[in-house]
Amino acid sequence: METKQFKAESKRLLDMMINSIYTHREIFLRELLSNASDAIDKIYYKALTDDSLTFDKDSYFIKVTADKENRILKIIDTGIGMTKEDLENNLGTIAKSGSLAFKSENELKDGHDIIGQFGVGFYSAFMVADEVTVISRAIGSDEAFKWESKGAEGYTIVPCEKDSIGSEIILKIKDNTEDESYDEYLEEYRLKGIIKKYSDFIRYPIKMDVTESKLKEGSEDEYEDVQEEQTINSMVPIWRKNKKDLTTEDYEQFYAEKHYGFDKPIKHIHISVDGAVRYNAILYIPEKIPFDYYSQEFEKGLELYSNGVLIMNKCADLLPDYFSFVKGMVDSEDLSLNISREMLQHDRQLKLIAKNINKKIKSELVNILKNEREKYEEFYQSFGRQLKYGVYSDYGMHKEELQDLLMFYSSKEKKLVTLDEYVARMPEEQKYIYYATGETTERIDKLPQTEMVADKGYEILYFTEEIDEFAIRMVMAYKEKEFKSVSSGDLGFDADVDNETESEEKENKDLFDYMKDILNGKVKDVRVSKRLKSHPVCLATDGAVSIEMEKILNAMPNNQNVKADKVLEINVHHDVFEALKSAFEQDKEKVRLYTNLLYSQALLIEGLPIEDPVEFTNDICKMMV
Ligand SMILES: Nc1ncnc2c1ncn2[C@@H]1O[C@H](COP(=O)(O)OP(=O)(O)OP(=O)(O)O)[C@@H](O)[C@H]1O
C-alpha cells in the first residue's frame, strides 16, 4: 500500500503542530466537533432543500466514545461524509487557499503567527494522537474509505466497509510522557468538560455514554454503575439565547469555535429584532487584521442562517465594504432556505437586515470611541484605513456616516484625535482645519511648511496614509470648517500678513521672475512665503492636486502623469535671501546657482527625487570652492 506524502507546506505545519505550538491541546476536540457539526449542517441543508431526500431530525447527531484500555477516542458524525477525493483533497493539504505560501519563511519559523492565521482544524488531532484514522462514506455513495496517518510521514487511503453515511474520526491517544499526560483525553469527566466549554452551542446533540451511579432496582441503598447515553451540549444556539444569560467568555468561545478569527474580538454585538423583519445576529469587531485583509483574497461577509440552517458562509450583501472587517452571523426565519445568491441581492428582508446591521455597527463604534478610547485606537490602528476608504469610495456617499469615526494624529496632542475634538478647540479666528502630509509623523514634524501655522498656535492634523488626503477632499468640510493643507497657496491668514507679503512681492518682482525663468517650467511661480519662519525655502501648490497626491497618482499603474502646480516659496526674512538679492545685483550666474540649489532643497524636503543629482552635487562643490 502506497503512503502518500502530505503537500510540502502541510508537512511543515504538521511538524509544528505535533511539536505542539498550541498550549491548549484540548481544543482539538472543539475542532473535530465543529467539523462534524459543519458536515451535518451540509446534509441537513441538502435534506431540507432536496425533495427526493427524506430526513428525520433524530438521525443527526455526533457521538464521542472513549476506550481507555486501547487508548482510542472516536468522534462519530452522521454528516455528509467524504468521498475518496474529498479525503485526499481535504485531509491531504493544509491551507488549500495557498495562504501558507503567502507567508514568508521567517514567519513560518514562528509557529504562533502561522497558527494564528488560519484554522488548524482537523490537524489539531495530532496534538493528542499519534495515529489518526478517518472512516467515511459520502452521501450518495455505496463505498466507504479509510484514511490513515501517523503524522508527518504521510497518509494512506484504502476502501473499507461502513453501513451508514457520515464519518468516524478515530484517534489513537498518545502515551503519557514525563511532562505531559494524555490520559485525560480518555476520561469521561474531562471530555464532558471540554464539550461543555467549547461546543455547548452546537445545534446537534453531542452524545456520550456516561457512567452514572444509580440505585439498584428494588434496592433502597445499593448503588450500581450504569452506562447511559446522554446529550452533553445544551444545543441552544448562542444567538437564540438571552443576552442576560451569556458572558463575554461565551461570545469569545463562539468566535473561536467559528474560526471568525484567532484574536480576541474587541467587541461583540448581539442583536435580536422582532419587528418588520425578524432576525438574530451576533457580530464581532476583531482586534487584529486578518493577514489577507488588505489583499484581493479577502472576502467579506457574514454567515447567513435561515431559521437555524446555514445557507451561506459569507453573505457579502450584509456588510458594506467599509465595515468588511466585521465578523459574525445572522439568522432569520423570514428568509427562504432555497434562496439563491442572485435572489438574495434583491431580497427586501435582507436589505432591511443589512441596513439595520450597518446602523448597529456604526453606533457601537461610536460608543467604543466615546467610552473606551484606548480600545478604539487599537481598532483604528487596524481598520482605520478601511473607514477612510469608505469615506472616499462611491464619490463620498458615505462620508456623513463615517466622518465622526475618523482620527488623525495631532501636532498638538501628539496622539490621534477626532475631527470633532479638533474643531471644538479651534481658536475663534482660525478659519480652516489645517493638515500636513508626509510619510511619518516625525517627518511632518520637521516640515518647514508647518512652521507658521504651528507658530500661530493652530493644531495641524498629520496625514501619513496615502488615502488620507483623498478621503478628506471628499469630506470637504467638517462642521462648516473647510480643510486646508499647510502647503496650499493661500493659508487663509489675516489681512495684515497678506498686505505685507504683497508689498514684498512687488519689491522683488524682478528677482522672482528671473528665478522662474531659470527654473524653466519646473514651477508655476516663485513667491514670497507666508508660512516659513526659520527655513529659507519650500514648495507649495496651487490648485486641486497636492504634491502628495501627485506622488501617489503617479505611482499607480497606468498613471496619467498628473502634475501638481508647484510654487517655490522663498523666506524673504532669511539670510539666504539677502545673499540672493546681492547676487542679483552683482553676479547673475550666482543667482542661477542659488536658485537651482534652493529648488533642489525644496524637492528633498518634500521627499521628491532630485532631477539631476550629479548637477546638484556639482553645484554644492561650486559653492564650497
Ligand atoms: N467530519 C467531517 N465530515 C465531512 N467532512 C469533513 C469532516 N472533517 C473535515 N472535513 C472536511 O475536511 C476539510 C478540512 O477540515 P479542517 O478542519 O482541516 O479545515 P476547515 O474546517 O475547512 O477549516 P477551518 O478549520 O479553518 O474552519 C473541511 O473543510 C471538510 O470539507
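Just so it is clear, the model here is predicted, and its values are computed rather than measured.

A. Region of the structure containing the overall build of the protein chain. Assigned secondary structure in the protein chain consists of 22 helices and 22 strands. Taken over the C-alpha trace, the protein chain has a radius of gyration of 33 Å; the compact-globule value for 625 residues is 25 Å, which it surpasses by more than 25%. Expressed as a percentage of its 625 residues, the buried residues of the protein chain come to 35%. Residue pairs in contact within the protein chain that sit at least 24 positions apart in sequence constitute 69% of those at least 6 positions apart.

B. Main features of the environment of T211. Checked against the element boundaries, T211 lands in strand β7 (residues 206–215). Through-space distance from the C-alpha of T211 to that of Y189 is 9.8 Å; in sequence the pair is 22 residues apart. Excluding residues within four positions of it along the chain, T211 makes contact with E188, D225 and Q227.

C. Structural context of the sheet that holds strand β20 (residues 525–528). One open sheet accounts for three strands, arranged β20-β22-β21; its pairing is mixed. In this open sheet, the two edge strands, each paired with only one partner strand, are β20 and β21 (537–542). Here the average twist between neighbouring strands, direction ignored, is 35 degrees. Bridging between β20 and strand β22 (residues 565–570) involves four bridges; their strand directions are parallel. Looking at the pairing, R527 lines up with E569 of β22.

D. Here's a closer look at helix α7 (residues 188–199). The first and last C-alpha atoms of α7 sit 16 Å apart over 12 residues, in line with the 16 Å expected at 1.5 Å per residue. Of the positions making up α7, those classed as buried are L191, I194, I195, Y198 and S199. Looking down the long axis of α7, one finds its buried residues gathered within 100 degrees of arc, a one-sided arrangement. Buried residues along α7 sit against α2 (27–49), β1 (62–67), β7 and α8 (248–257).

E. Structural view of the domain arrangement of the protein chain. The domains assigned to the protein chain are domain 1 (11–231), domain 2 (238–371), domain 3 (374–485) and domain 4 (495–624). A straight line from the C-alpha centre of domain 2 to that of domain 3 covers 30 Å. Across the contact, 14 residues belong to domain 2 and 16 residues belong to domain 3. Sort the elements by how many residues they give to the side of domain 2 that touches domain 3 and helix α10 (residues 348–371) lands first, with five residues.

About the cut-offs
Residues numbered from 1 in each chain as written. Predicted model: local features only at pLDDT ≥ 70, side-chain atom pairs only at ≥ 80, totals over all residues. Helix = DSSP H or I, 4+ residues; strand = E, 2+ residues; numbered from the N terminus. Rg over C-alpha atoms; globule rule 2.2 N^0.38 Å. Buried ≥ 20, exposed ≤ 12 C-beta atoms within 10 Å, placed from the backbone. Contact = placed C-beta atoms within 7 Å. Pairing = 2+ DSSP bridges. Axes fitted to C-alpha atoms, helices over the stretch in contact; angles between N-to-C directions. Expected span 1.5 Å × (residues − 1). Arc of directions from axis to C-beta. Domains from an automatic or database assignment.

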